[in-house]
Every structure is written in C-alpha cells, then in structure tokens.
Amino acid sequence: AQTVTQSQPEMSVQEAETVTLSCTYDTSESDYYLFWYKQPPSRQMILVIRQEAYKQQNATENRFSVNFQKAAKSFSLKISDSQLGDAAMYFCAYTSPLGGADGLTFGKGTHLIIQP
Amino acid sequence: SAVISQKPSRDICQRGTSLTIQCQVDSQVTMMFWYRQQPGQSLTLIATANQGSEATYESGFVIDKFPISRPNLTFSTLTVSNMSPEDSSIYLCSTGRDRYNEQFFGPGTRLTVL
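Residues numbered from 1 in each chain as written. Chains lettered and ligands numbered in written order. Predicted model: local features only at pLDDT ≥ 70, side-chain atom pairs only at ≥ 80, totals over all residues. Heavy atoms only, no water.

Comments concerning the overall build of chain A
Under the convention used in this document: A run of H or I in DSSP becomes a helix once it reaches four residues, and a run of E becomes a strand once it reaches two; helices and strands are each numbered from the N terminus. Put simply, the radius of gyration uses C-alpha atoms, and a globule should come to 2.2 Å times the residue count raised to 0.38. Here's how the labels work: a residue is buried when its accessible area is under 20% of the maximum for its type, exposed when over 50%, partly exposed in between, all with a 1.4 Å probe on protein chains only. Residue contacts are counted whenever heavy atoms from the two residues lie within 4.5 Å of one another. Accessibility throughout is a Shrake-Rupley quantity obtained with a 1.4 Å probe, and a residue counts as covered only by protein chains that appear here. In this tally, Asp and Glu contribute negative charge and Lys and Arg positive charge; neither His nor the terminal groups of the chain are included. For this purpose, a charge sits on NZ of Lys, CZ of Arg, CG of Asp or CD of Glu.
Helix and strand counts for chain A stand at 0 helices and 12 strands. In sequence order, chain A lays out its α and β elements as β-β-β-β-β-β-β-β-β-β-β-β. At 14 Å, chain A has a C-alpha radius of gyration in line with the 13 Å of a compact globule built from 116 residues. Evaluated residue by residue, chain A yields a buried proportion of 47% over its 116 residues. In chain A, once contacts between residues fewer than 6 apart in sequence are set aside, the share between residues at least 24 apart is 54%. Here chain A has roughly 5500 Å² of accessible surface; of this, 47% comes from carbon and sulfur atoms. Taken as two groups, the 9 positive and 11 negative side-chain charges of chain A have centres that lie 2 Å from each other.

Structural notes on the pattern of salt bridges
All names here are of chain A. Under the convention used in this document: One side-chain nitrogen of Lys or Arg within 4 Å of one carboxyl oxygen of Asp or Glu is enough to make a salt bridge.
For the structure on display, the rule yields 4 salt bridges over all chains. The closest approach of N and O atoms between Lys-73 and Asp-26, which form a salt bridge, is 3.6 Å. Within this pair, whereas Lys-73 is found in the loop between strand S8 (64-69) and strand S9 (74-79), its partner Asp-26 is found in strand S4 (residues 24-26), the two being separated by 47 residues in sequence. The class of Lys-73 is partly exposed, set by a relative accessible area of 26%. A salt bridge links Lys-55 to Glu-52; the nearest nitrogen and oxygen atoms lie 4.0 Å apart.

Digging into the sheet that holds strand S10 (residues 109-113) of chain B
Residue and element names in this part refer to chain B. What counts is decided by this rule: Criterion used throughout: strands pair if DSSP finds at least two bridges between them.
Spatially, S2-S10-S9-S4-S5-S6 is the arrangement adopted by the 6 strands of the open sheet, whose pairing is mixed. The open sheet is flanked by strand S2 (10-13) and strand S6 (56-57), the only strands paired with a single partner. Bridge count between strand S5 (residues 43-50) and S6: 2 bridges; the pairing is antiparallel. When the sheet's bridge partners are listed, Thr-48 is paired in S6 with Thr-56.

Here we look at the nonpolar core
Rule in force here: Grouping buried Ala, Val, Leu, Ile, Met, Phe, Trp, Tyr and Cys residues that are joined through side-chain atoms within 4.5 Å yields what is termed a nonpolar core.
Core analysis: the biggest nonpolar cluster contains 26 residues, and Trp-34, Ile-46, Phe-66, Ile-68, Leu-78, Tyr-91 and Leu-111 of chain B have the highest contact counts within it. Put simply, the parts of the chain that give this core at least two residues each are strand S3 (19-25), strand S4 (31-37), S5, strand S8 (75-80), strand S9 (89-95) and S10 of chain B. Within the second largest apolar cluster, 25 residues are counted, among which are Trp-36, Val-66, Tyr-90 and Cys-92 of chain A.

So, the sheet that holds strand S7 (residues 68-72) of chain B
All names here are of chain B. Put simply, the test is: Throughout, an axis means a line fitted to C-alpha atoms (over the contacting stretch in the case of helices), and angles, computed between N-to-C directions, take values from 0 to 180 degrees.
Strand order in the open sheet made by the 4 strands is S1-S3-S8-S7, with antiparallel pairing throughout. The open sheet has two edge strands with one neighbour each: strand S1 (4-7) and S7. Taken over all neighbouring pairs, the strand axes of this sheet differ in orientation by 15° on average, direction set aside. Here S1 runs beside S3; their pairing, made up of 4 bridges, is antiparallel. Across the sheet, the residue bridging to Ser-5 is Gln-24, located in S3.

Some points on the interface of chain B and chain A
Cut-off, in case you're wondering: Accessible area that two parts lose when put together, with a 1.4 Å probe and added across both, is what the buried area reports. Throughout this description, a polar contact denotes any pair of N or O atoms lying within 3.5 Å of each other; where both atoms belong to protein, one of them has to be capable of donating a hydrogen while the other can accept it, and for residues adjacent in sequence the pair is counted only when both atoms sit in side chains. Residues are grouped as follows: Ala, Val, Leu, Ile, Met, Phe, Trp, Tyr, Cys and Pro are nonpolar; Asp, Glu, Lys and Arg are charged; every other residue, Gly included, is polar.
The interface is formed by 25 residues belonging to chain B together with 23 residues belonging to chain A. When chain B packs against chain A, the two sides together hide about 1800 Å² of surface, and 47% of this comes from carbon and sulfur. At the junction of chain B with chain A, the criterion picks out 0 salt bridges. On the surface where chain B and chain A come into contact, there are 8 residue pairs in polar contact (both at pLDDT 80 or more). Of all elements in the fold, only S4, S5, S9 and S10 of chain B reach the threshold of two or more residues within the side of chain B that touches chain A. No other element matches S4 of chain B, which puts 4 residues into the side of chain B that touches chain A. Of the residues that constitute the side of chain B that touches chain A, the class distribution is 10 nonpolar, 10 polar and 5 charged.

Encoded structure:
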C-alpha cells in the first residue's frame, strides 16, 4: 500500500518570505500523480499544484513550486512571497492512475502559519 | 473543474441514530469518493462509488455502517448508521479523476454525535 509522510506538523513563516513544506511517499509503482492540497478554516479542499511522475520538470503555479525527486520519493512544496491568505493546512496526496479506481492517499498535513 | 455541493453542511445527532449526507455534482462523473476527516486529522478514504455498481470500501469501513448510494452520474449519498461519538468527523465527497487525475472536493459535512 502507498503511504505519504509529512514530517512537519506545523510551520511558521514571515509574510513575504519563502517556506518549504516536506513530503515523502512510498510506492512500488512507476507511474503516479502527486498533489498538494490546501485546506483553509472553511474546510474546502483546494488543489494547489499537481505533478505527474513521468515528467521530470518540476511543476510551478505562480508562487507555488515543487521539488520532485522521484528516486528519493520526495515531493516538497515551496511557497514564495508568502501571503496571509496562504495560512491553512497543507496536505500532500498520492494517487495511481493504474487500475482507475483508487482515491487519494493523504499525508497527515502541515499547518502553515503566516506571521504578519 | 467540477462544482460540488453537500447537504447538510453540519449536523448534531444523537448516538444510535443515522444521518444521510447528500453530494451533488454539476457535471456527470464516473467515479465519486467519500472521505472522512476526524478532528485535527488527515483525510481517509471510506469508499469509491461508481454508478450502477456496489461501492468499494476501504479497509476498516463496512457497508452496514456506511451504506452508499449512487443512483446517477451526478449524485451520491453516504449514510452514517448507528452513530457513536467516534463518528464525529467531517465527511467529504469528491469527484473521480479528470484527465489530470485531479479530484474536486465538496465543502464537507461536519457531523457531531452526542
């Protein structure tokens, strides 16, 4: 079974600074997808960024980028120019397109605090 | 992207009773998923619901406790049966994958069992 590990229960960063959230995963598959979801206090799960395992290029979405290290099974999220609205729980998630029926496997989450 | 609504948004229930949560999607989707998020915890997949077939449950979840219906391609329900305080959680539905394998989530139902 796949597992996703987020080793940082909480992170704090000053507004406008850069922060990196860590995620590692374990799988025996070669093709899969990785995601970072954001959950603000409203509870709505919001997709931040996705990465296809077959792509070597790291995904980027505006201020959000990932460092995907397939051999190390590492998938960290970098948030640049942190804003107060970035404060939320961040979940790393994994899914495999093989078989077609699997849902997402989530890490335990990292609570991101933005200091004004 | 898909827009998903859930009803109710929250409820407080007595132990031993049952609650049915509805999930409505604004487009047709083949697969829908139900997740549980216990207080301060991550999301755990309960089951996968395909239209026209029985739901597939993850280890630790059984149909008698969490019966699921999927009558058409835009709607699903999850029932939490014979509730106990340990069932107090947020329950979220999500769509199956788009071409990027992305899942879209509903706003969740916050359930408190007394």
